[in-house]
Amino acid sequence: ECFTLNWDETAVKTKIKAVAGSILQVYGHGPDILLLEEVEGLRILNRLNDEGLGASAGYKTVVWLRGHDRRGIAVGLMSRFPLAGEPRLHDLIRQGSTKPKETRGILEVPLKLPTGQIFTVFGVHLPSQFNPVGERQQAISQLRSLVQTMPPDALWMIGGDWNITAREDRDWGLIENQMREVGLVSHQIGCRNCVGTHFYKGVWNFFDILVFS
């Protein structure tokens, strides 16, 4: 599809302007830590930072790592905080296999806070609803393993597009039970009256979630 769509320089600049405008609506300069979904590469992420957001946004850390997604897209991160170590990409493993799934992996980025503490951010974009629930369940299992192996006093956050519907969560408890066991879920602690982040076919779902240590 990318070969037939118009991605000339004018189209790219238009998209950069639109995305940057959305980001800058947050406090006028964007959040301190920004996770981005379906990013095509580090080059376009740097262009968004340099041409769209500019120096006033103050994003000094820009991270994007290539994974196994057949379309070449992955999760990206931008932050005002410096790196505290080497970013890593954890492949999602196929259910019942040891082979990586051809989709977006889990991005792990350690950041150094002004206090000197290390804050580890995990960026996710779980398999879509086109895939069976077992694929998202496997990803949740990997996420739990990643944070459970960290020291008890570690500071971390998981954020992104989880692609888990409200019905699926009721049936399987992927967020309500499994992730709630290891961290604090954003809409359960800070937005109890919110109806969701994604509206589709008359139903609200919390696709976009933050989980905190």
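Remember, predicted model here, so these are calculated numbers, not experimental data.

The rules behind each value
Residues numbered from 1 in each chain as written. Predicted model: local features only at pLDDT ≥ 70, side-chain atom pairs only at ≥ 80, totals over all residues. Heavy atoms only, no water. Disulfide = S-S within 2.5 Å. Buried < 20%, exposed > 50% of the residue type's maximum accessible area, 1.4 Å probe, protein only. Pairing = 2+ DSSP bridges. Helix = DSSP H or I, 4+ residues; strand = E, 2+ residues; numbered from the N terminus. Axes fitted to C-alpha atoms, helices over the stretch in contact; angles between N-to-C directions. Contact = heavy atoms within 4.5 Å. Salt bridge = Lys/Arg side-chain N within 4 Å of Asp/Glu carboxyl O. Polar contact = N/O pair within 3.5 Å; in protein donor to acceptor, adjacent residues only side chain to side chain. Expected span 1.5 Å × (residues − 1).

Trainee: It is not clear to me how the state of the cysteines should be interpreted in this structure. Could you clarify?
Mentor: Covalently bonding the sulfur atom of one cysteine to the sulfur atom of another cysteine gives a disulfide. For the coordinates displayed, the defined rule picks out 1 disulfide. Linked covalently through their sulfurs, C191 and C194 form a disulfide whose S-S length is 1.4 Å. Residue classification places C194 among the partly exposed residues on the basis of a relative accessible area of 32%.

Trainee: Hey, could you run me through the sheet that holds strand β1 (residues 33–39) in this one?
Mentor: Sheet strands line up and pair through hydrogen bonds in the backbone, either parallel or antiparallel. Spatially, 3 strands are ordered β1-β3-β2 in an open sheet, and the strand pairing comes out antiparallel. Of all strands in the sheet, those with a lone pairing partner are β1 and β2 (61–64), marking the two edges. Averaged over all pairs of adjacent strands, the angle between their axes in this sheet comes to 15 degrees, without regard to strand direction. Looking at chain direction, β1 and strand β3 (residues 74–79) are connected through 5 bridges and run antiparallel. Within β3, the residue paired with V39 across the bridge is A74. Across the sheet, helix α2 (residues 42–53) is in contact with β1, β2 and β3; its angle to β2 comes to roughly 150 degrees.

Trainee: Sorry if this is basic, but what is going on with the pattern of salt bridges here?
Mentor: Proximity of charged atoms lets side chains of opposite charge pair with each other. Scanning all chains against the criterion turns up 7 salt bridges. When the shortest N-O distance is used, the salt bridge between R71 and D69 registers 3.0 Å. With relative accessibility at 8%, the residue D69 sits in the buried group. R136 serves as the salt-bridge partner of E168, at 2.8 Å between the closest nitrogen and oxygen. Separated by 32 residues along the polypeptide, E168 in helix α4 (residues 166–172) and R136 in helix α3 (residues 133–148) bring together distant segments of the chain. R136 shares its class with E168; the two are buried. A single network of salt bridges, built from pairs that share partners, joins E9, R47 and E51.

Trainee: Could you clarify how one ought to interpret the sheet that holds strand β6 (residues 118–125) in this entry?
Mentor: With mixed pairing, 6 strands are arranged side by side in an open sheet as β4-β5-β6-β7-β11-β8. Strands at the two margins of the open sheet, each flanked by one partner only, are β4 (88–90) and β8 (184–185). Relative to β6, strand β5 (residues 106–112) runs antiparallel, the two being bridged by 6 bridges. Across the sheet, the residue bridging to E108 is F122, located in β6.

Trainee: Looking at this structure, how should I read the environment of N163?
Mentor: Considering the arrangement of structural elements, one finds N163 in the loop between β7 (155–161) and α4. Aside from chain neighbours lying at most four places away, what touches N163 is R104, H125, L126, P127, S128, Q129, R136, E168 and F207. Among the polar contacts made by the side chain of N163, one reaches the main-chain carbonyl oxygen of L126 at a distance of 2.9 Å.

Trainee: I tried to follow α3 on my own but got confused; where do I start?
Mentor: An α-helical turn contains 3.6 residues, so a residue and the one three or four places further along point in the same direction. The end-to-end C-alpha separation of α3 is 22 Å, in line with the 22 Å expected for 16 residues at 1.5 Å each. Of the positions making up α3, those classed as buried are V133, G134, E135, R136, A139, I140, Q142, L143, R144, L146 and V147. Where the residues of α3 are buried, they touch β4, β5, β6, β7, α4 and α5 (174–179).

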